[in-house]
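Now for the letters of each chain:
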Amino acid sequence: MKIAIHGRNFPESARPYIQSMFEELAKRQTEVIISQDYRDFLDNAGVAHYSNAVYTVAEGVDNADFIFSLGGDGTLLDAVTHVGARQIPIIGINIGRLGFLATVAPASVRLMIDALFNEQYSIDERTLVSVRSNVDIFGGLPFGLNDFTITRTQTSSMITVHTYLDGEFLNSYWADGLIISTPSGSTGYSLSCGGPVLLPQTNNFIITPISPHNLNVRPMIVMDSCQLAFEVESRSGNFLAALDSRSFTVDTSARISVQKEAFKARLVKLRDDNFLNTLRSKLNWGWDIRN
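Source: prediction; values computed, not measured.

**Let's talk about the overall build of the protein chain**
Within the protein chain one finds six helices and 17 strands. Projected onto its principal axes, the C-alpha positions of the protein chain cover 60 × 50 × 35 Å. The burial tally for the protein chain puts 52% of its 291 residues in the buried class. For the protein chain, restricting intrachain contacts to residue pairs at least 6 apart in sequence, the fraction spanning at least 24 positions comes to 68%.

Right, here's the structure in full:
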């Protein structure tokens, strides 16, 4: 088996679990390839990883059975771009905070590895959002798992986002911005702006305005088979376009459209891992101090 590994810095409390993971993989004679930045971090941190193979973010992961993401949900979003259309299954080890996507606890890493080798897991396919434009905004990686966002710059007033659904005018959003969320991203930025929670397998996008000037403008659910197009007006002449955690300043002359990506992200789920359990545990649903 060949495992690719990507991560970020970690608290000292997580060190024993990460070291244990590499030791378990070495004991099973697993071929390990590590992202260059994470390899450098591990070397500086004194973690023995028993591997000389590295890959760069630019080239991505090509030939691996799985990719381990060690961090929070942001790290897993990075791993999605490392995999791209190759659709290598991703498993998220939560060394971050909330962890809607990265659901494996550090203390369960050895059990997780055992489950992979014994094929005791399932694959959860997640829809990606694809961004197209007359300018290259995202450097050859125009896809994301959570959301695409148009927002005002820090120095500008509200912007107007003229929005079209399959070529037909939908609305002009006068607001701080607009979020186009996948079901996976429904528990993220969209939720904090009043958007609904969708089950991961729902075939929809969510259009969520950010602080709209007109209070009767509410989030809207549309089919993910549609194409959304945007024209932005801004006094500053530019705006911010963000795809998951990657954001860039864009001129208002840009014409942008969003639709479902042709390929999907494949997330590994262990037997005791399901979305409803995650909702209850992460959002404290049903929790009441009186009970």
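**Describing the pattern of salt bridges**
The tally for this structure, following the rule as stated, stands at 14 salt bridges. Here D78 and R8 are joined by a salt bridge, their closest N and O atoms 2.6 Å apart. Here D78 is found in helix α3 (residues 73-83), whereas its partner R8 is found in the loop between β1 (2-7) and α1 (15-27), with 70 residues between them in sequence. We classify R8 as partly exposed; its relative accessible area is 37%. The network of salt bridges with common partners includes E24, K27, R28, R110 and D114.

**A short note on the UniProt feature "binding site: NAD(+)" (unreviewed entry) in the protein chain**
The positions UniProt marks with the feature "binding site: NAD(+)" (unreviewed entry) are D73, G74, N146, D147, D176, T187, G188, Y189, S190, L191 and S192. The named residues occupy 120 residues along the chain; their greatest pairwise C-alpha distance, 24.6 Å, places them well apart from one another. Of note, D176 is situated in the loop between β10 (168-175) and β11 (177-181). Setting aside anything within four residues of it in sequence, one finds D176 in contact with I150, T151, R152, M158, I159, I210 and S211. Its place among the elements puts L191 in helix α5 (residues 189-192). L191 sits in the partly exposed class, given a relative accessible area of 28%. Aside from chain neighbours lying at most four places away, what touches L191 is S186, V197 and L283.

**Here's the deal with the UniProt feature "active site" (unreviewed entry) in the protein chain**
Taking the UniProt record as the reference, the feature "active site" (unreviewed entry) is found at D73. Position of D73 among the secondary structure elements: in helix α3. Not counting the four nearest positions on each side in its chain, D73 is found in contact with G99, F100, L101 and A102.

**Remarks on the sheet that holds strand β12 (residues 204-210)**
Taken in spatial order, the six strands line up as β13-β12-β11-β8-β15-β16 in an open sheet, and their pairing is antiparallel. Only two strands of the sheet have a single neighbouring strand rather than two, namely β13 (220-223) and β16 (246-251). Strand after strand, the sheet turns through a mean of 20° between neighbouring axes, direction not considered. Of the pairings in the sheet, the one linking β11 to β12 comprises five bridges and is antiparallel in character. Bridge pairing in β12 places S181 opposite I206.

**Focus: the packing of α1 against helix α4 (residues 109-117)**
Close contact between α1 and α4 brings their axes to 9 Å; oriented N to C, the two are set at 30°. On the basis of the axis angle, α1 is roughly parallel to α4. Here α1 and α4 pass one another in a crossing that is right-handed. Within the contact between the two elements, α1 uses S20, M21, E23, E24, L25 and K27 and α4 uses V109, R110 and I113.

**Concerning the nonpolar core**
If you look at the biggest cluster of nonpolar residues, it comprises 28 residues, and the most contacted ones within it are I5, M21, F68 and M112. Contributions of two or more residues to this core are made by β1, α1, β2 (31-35), α2 (36-45), β4 (66-71), β5 (90-94), α4 and β17 (256-270). For this core, the element with the highest residue contribution is α4, accounting for five residues. The contact partners of F68, leaving out residues within four places of it in the chain, are I3, A4, I5, H6, M21, L25, I91, I93, M112, I113 and L116.

**Notes on α1**
Taking 1.5 Å of rise per residue, 13 residues should cover 18 Å, and α1 covers 18 Å from first to last C-alpha, within 8% of that figure. On its buried side, α1 packs onto β1, β2, α2, β4, β5 and α4. Of the residues trailing α1, Q29 is marked for its positive phi of about 55°.

**Topic: the environment of D73**
Accessibility expressed as a relative area gives 19% for D73, which makes it buried. C-alpha of D73 to C-alpha of N146: the two residues are 73 residues apart in sequence and 9.9 Å apart in space. Among the polar contacts made by the side chain of D73, one reaches the main-chain amide nitrogen of L101 at a distance of 2.9 Å.

What counts, and at which threshold
- Residues numbered from 1 in each chain as written.
- Predicted model: local features only at pLDDT ≥ 70, side-chain atom pairs only at ≥ 80, totals over all residues.
- Heavy atoms only, no water.
- Helix = DSSP H or I, 4+ residues; strand = E, 2+ residues; numbered from the N terminus.
- Buried < 20%, exposed > 50% of the residue type's maximum accessible area, 1.4 Å probe, protein only.
- Contact = heavy atoms within 4.5 Å.
- Salt bridge = Lys/Arg side-chain N within 4 Å of Asp/Glu carboxyl O.
- UniProt positions renumbered as here; feature names shortened; annotations may be inferred.
- Pairing = 2+ DSSP bridges.
- Axes fitted to C-alpha atoms, helices over the stretch in contact; angles between N-to-C directions.
- Parallel < 35°, antiparallel > 145°, perpendicular 65-115°, else oblique.
- Left-handed = near helix turned anticlockwise from the far one by under 90°.
- Core = buried A, V, L, I, M, F, W, Y, C linked by side-chain atoms within 4.5 Å.
- Expected span 1.5 Å × (residues − 1).
- Polar contact = N/O pair within 3.5 Å; in protein donor to acceptor, adjacent residues only side chain to side chain.

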